[in-house]
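Structural overview for review
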Amino acid sequence: MTEYETANLALQQAALALQQAAVWVAALVGAAQCAVAGYGLFLLHRYYKRSAEQHKKNMEAIEGRRKSQSTQHRETMKALEGQNEAMMELIRRTSAPSAQRDG
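**Quick word on the overall build of the protein chain**
- Check the secondary structure of the protein chain and you find two helices and zero strands.
- Relative to its length of 103 residues, the protein chain is extended, with a C-alpha radius of gyration of 43 Å against a globular reference of 13 Å.
- The dimensions of the protein chain, computed from C-alpha atoms along their principal axes, are 140 × 20 × 10 Å.
- The buried share of the protein chain, reckoned over its 103 residues, is 0%.
- As displayed, the protein chain offers around 9600 Å² of accessible surface, 62% of which is attributable to carbon and sulfur atoms.
- With 13 positive and 10 negative side-chain charges, the protein chain shows a spacing of 11 Å between the two charge centroids.

Right under this line is the structure:
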């Protein structure tokens, strides 16, 4: 084998080693990208679960306030109805005698 053939063979082996190293680097970079994407998806899922739980708590609180306000509204309306009846009775009792005969 001549000197040229030996040098050419050594150069081809070095080029092959560089190509193999490039394949390994590409594989590592790809694996790192997949890991980052997977971690991002994990964080999104965790955020979604927390958000859904918080939304559920908020809706329960709103429903509780709505029920409380509805109960308070009913009680207020009953009280106003009683006041209305009392006012009508007071007007009837204190009205002029001629107004009582007309009504």
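**Overview of a nonpolar patch on the surface**
- A cluster of nonpolar side chains, namely Y39, F42 and L43, defines an oily patch on the protein surface of about 300 Å² accessible area.
- By the secondary structure assignment, L43 is in helix α1 (residues 3-94).
- What makes L43 partly exposed here is its relative accessible area of 31%.

**Let's talk about the pattern of salt bridges**
- For the structure on display, the rule yields three salt bridges.
- In this structure, R92 engages E89 in a salt bridge whose closest nitrogen and oxygen atoms are separated by 2.3 Å. Taken together, the residues span about one helical turn, with R92 and E89 both in helix α1 at a distance of three residues.
- Classification of R92 by relative accessible area gives partly exposed; the value is 48%.
- Between R93 and E89 there is a salt bridge; the shortest N-O distance is 2.8 Å. Linking R93 with E89, this pair stays in helix α1, spanning four residues, or about one helical turn.
- Judged by relative accessible area, which is 61%, R93 ranks as exposed.
- Through salt bridges with shared partners, a single ionic network connects E89, R92 and R93.

Basis of the calculations
- Residues numbered from 1 in each chain as written.
- Predicted model: local features only at pLDDT ≥ 70, side-chain atom pairs only at ≥ 80, totals over all residues.
- Heavy atoms only, no water.
- Helix = DSSP H or I, 4+ residues; strand = E, 2+ residues; numbered from the N terminus.
- Rg over C-alpha atoms; globule rule 2.2 N^0.38 Å.
- Buried < 20%, exposed > 50% of the residue type's maximum accessible area, 1.4 Å probe, protein only.
- Areas by Shrake-Rupley, 256 points an atom, 1.4 Å probe, with all protein chains shown as cover.
- Lys, Arg positive; Asp, Glu negative; His and termini not counted.
- Charge placed at Lys NZ, Arg CZ, Asp CG, Glu CD.
- Patch = residues over 30% accessible without salt bridge, like charges linked within 9 Å, V, L, I, M, F, W, Y side chains within 5 Å.
- Salt bridge = Lys/Arg side-chain N within 4 Å of Asp/Glu carboxyl O.

Treat this as a map of the structure, not an account of what it does.
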